[in-house]
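Examining the three-dimensional arrangement
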Amino acid sequence: MEQPKVIIYARFSIDIEQEEIDSIKQKMDNFLSMIGAKMMGQHWELTQKGGYSDKIDTIMSECIEKGWGILTYNLKTLHEHQSGALSIVSEGAEMGVPIFFIDPDSALKSIFSI
């Protein structure tokens, strides 16, 4: 059975505590385990509050080019704020919500055990 392939992007403000990063990392690992996903890449960034990095634009462009999409699972699993796909991109850094991009072909094969 093929595992769903995912890429993770997480951006946080520089005032984040190490304990919070460790907690988020643990939740991300638990989430990947829960869906049986194979991580193809992960990108972590620290920026100033309200800061911007163009790394997310690069990742989104690569994923769009490959036909990958944002995984819109109920993200309360990862953070106490429940977010939809669009708000994850715009507010992810402020809330510390990781963004998961998923390959639909591998996810479909996994679901149907192809």
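This write-up is about the structure you can find in this document. Once a new chain begins, its residue numbering starts again from 1 and follows that chain's sequence as written. Local features in a predicted model are, by the rule used here, given only for residues with pLDDT of at least 70; side-chain atom pairs are given and counted only at 80 or more, and totals for whole chains, interfaces and linings are based on all residues. Hydrogen atoms and water are omitted, and side-chain values are computed over all heavy atoms in the structure.

Some remarks on the overall build of the chain
Runs of E in the DSSP output that reach at least two residues are strands. Runs of H or I that reach at least four are helices, and both are numbered from the N terminus. For the chain, the count of helices and strands is 4 helices and 4 strands. Think of it in three bands: with a 1.4 Å probe and only protein chains considered, a residue is buried below 20% of the maximum accessible area for its type, exposed above 50%, and partly exposed in between. When burial is assessed residue by residue, the chain has 39% of its 114 residues classed as buried. Residue contacts are counted whenever heavy atoms from the two residues lie within 4.5 Å of one another. Residue pairs in contact within the chain that sit at least 24 positions apart in sequence constitute 79% of those at least 6 positions apart.

Describing the pattern of salt bridges
Salt bridges are defined by distance alone: a side-chain nitrogen of Lys or Arg within 4 Å of a carboxyl oxygen of Asp or Glu. Evaluation of the coordinates by the stated rule reveals 1 salt bridge. Ionic pairing is found between K25 and D29, a salt bridge with its closest N-O pair at 3.0 Å. Separated by 4 residues within a single helix, K25 and D29 lie in helix α1 (residues 18-35), roughly one turn from each other. Assessed through its relative accessible area of 26%, K25 is described here as partly exposed.

A short note on the packing of aromatic side chains
For Phe, Tyr and Trp, where Trp contributes only its six-membered ring, two rings pair if their centres lie within 6.5 Å, and the inter-plane angle classes them as stacked under 30 degrees, edge-to-face over 60, or tilted in between. Across all of its chains, the model carries 1 aromatic pair by this definition. Sitting above the plane of the W68 ring, K66 keeps its charged end 5.7 Å from the centroid. For a lysine, the NZ atom is tested; for an arginine, the CZ atom; a charge sits over a ring if that atom is within 6 Å of the ring centre and within 35 degrees of the ring normal.

Things to note about the sheet that holds strand β2 (residues 38-47)
Criterion used throughout: strands pair if DSSP finds at least two bridges between them. With mixed pairing, 4 strands are arranged side by side in an open sheet as β2-β1-β4-β3. The sheet is open, and its two edges are formed by β2 and β3 (69-70), each paired on a single side. Here β3 runs beside strand β4 (residues 99-102); their pairing, made up of 2 bridges, is antiparallel. Bridge pairing links G69 to I102 in β4. For every element, the axis is a line fit to its C-alpha atoms; helices are fit only across the contacting stretch, and the angle between N-to-C directions ranges from 0 to 180 degrees. Those strands touched by helix α2 (residues 55-66) are β1 (5-13), β2 and β4, and its axis lies near 165° from that of β1.

Examining the nonpolar core
What we call a nonpolar core is a set of buried Ala, Val, Leu, Ile, Met, Phe, Trp, Tyr and Cys residues that are connected through their side-chain atoms within 4.5 Å. Grouped together as the largest cluster of nonpolar side chains are 15 residues, with contacts concentrated most on L32 and F100. Elements with a minimum of two residues in this core: β1, α1 and β4. Counting residues per element, this core draws most heavily on α1, at 5 residues. I59, C63, I99 and F101 belong to the second largest nonpolar core, which has 8 residues in total.

Thoughts on the environment of S106
Assignment of secondary structure puts S106 in helix α4 (residues 104-111). Expressed as a C-alpha distance, the spacing of S106 and V6, which sit 100 residues apart in the sequence, is 9.4 Å. Not counting residues within four places of it along the chain, the set of residues in contact with S106 comprises E2, Q3, P4 and K5. Two N or O atoms count as a polar contact when they lie within 3.5 Å, although within protein this holds only if one can serve as hydrogen donor and the other as acceptor, and sequence-adjacent residues are included solely when both atoms are side-chain atoms. Within the structure, S106 has its side chain in polar contact with the backbone nitrogen of K5 (distance 2.9 Å). Polar side-chain contacts of S106 include one of 3.1 Å to the side chain of D103.

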